Amino acid sequence: MTQELVSLVAQYGLLIVSANVLVDQIGLPVPAYPTLVVAGAIAADGHLAAGPLFLLSVIACLVADCGWYLVGQIYGIQVLKLLCRI
């Protein structure tokens, strides 16, 4: 499993990391930390640019947070009740 993750991140790098962080921040049970650690190791090795990796991870977090904020603004307590039931 680890080797598959390393090869995916080495091949698709920024896309995989940003999509994984976005899905994790939306609330789906997908861990982003292993992907971030592997991407950081690949970036430290020089095969992946660290700046764009960090920037896209932050942007993915902000997109998910802004999405949740807008959902809360529009639907308010209904969303909170649904999340508490889950």
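Summary of the structure given here.

Conventions we followed
Residues numbered from 1 in each chain as written. Predicted model: local features only at pLDDT ≥ 70, side-chain atom pairs only at ≥ 80, totals over all residues. Heavy atoms only, no water. Core = buried A, V, L, I, M, F, W, Y, C linked by side-chain atoms within 4.5 Å. Buried < 20%, exposed > 50% of the residue type's maximum accessible area, 1.4 Å probe, protein only. Helix = DSSP H or I, 4+ residues; strand = E, 2+ residues; numbered from the N terminus. Contact = heavy atoms within 4.5 Å. Axes fitted to C-alpha atoms, helices over the stretch in contact; angles between N-to-C directions. Parallel < 35°, antiparallel > 145°, perpendicular 65-115°, else oblique. Left-handed = near helix turned anticlockwise from the far one by under 90°.

## What about the nonpolar core?
No. 1: Membership of the largest hydrophobic core is limited to 11 residues, which are Val9, Val17, Val21, Ala32, Val38, Ala39, Ile42, Ala43, Leu48, Leu53 and Ala60.
No. 2: Mapped by element, the contributors of at least two residues to this core are helix H1 (2-26), helix H2 (33-45) and helix H3 (50-75).
No. 3: Take this core: its biggest share by element is 4 residues, from H2.
No. 4: What Ala32 contacts, discounting residues up to four positions off in sequence, is Asn20, Val21 and Asp24.

## Looking at the packing of H1 against H2
No. 1: Packing of H1 against H2 leaves a shortest axis separation of 9 Å and a crossing angle of 125°. Accordingly, the angle class assigned to the pair H1 and H2 is oblique. Considering how the two elements wind past one another, H1 and H2 form a crossing that is left-handed. Residue-level inspection shows Leu5, Val6, Val9, Ala10, Ile16, Val17, Asn20 and Val21 of H1 in contact with H2, the latter providing Pro34, Thr35, Leu36, Val38, Ala39 and Ile42.

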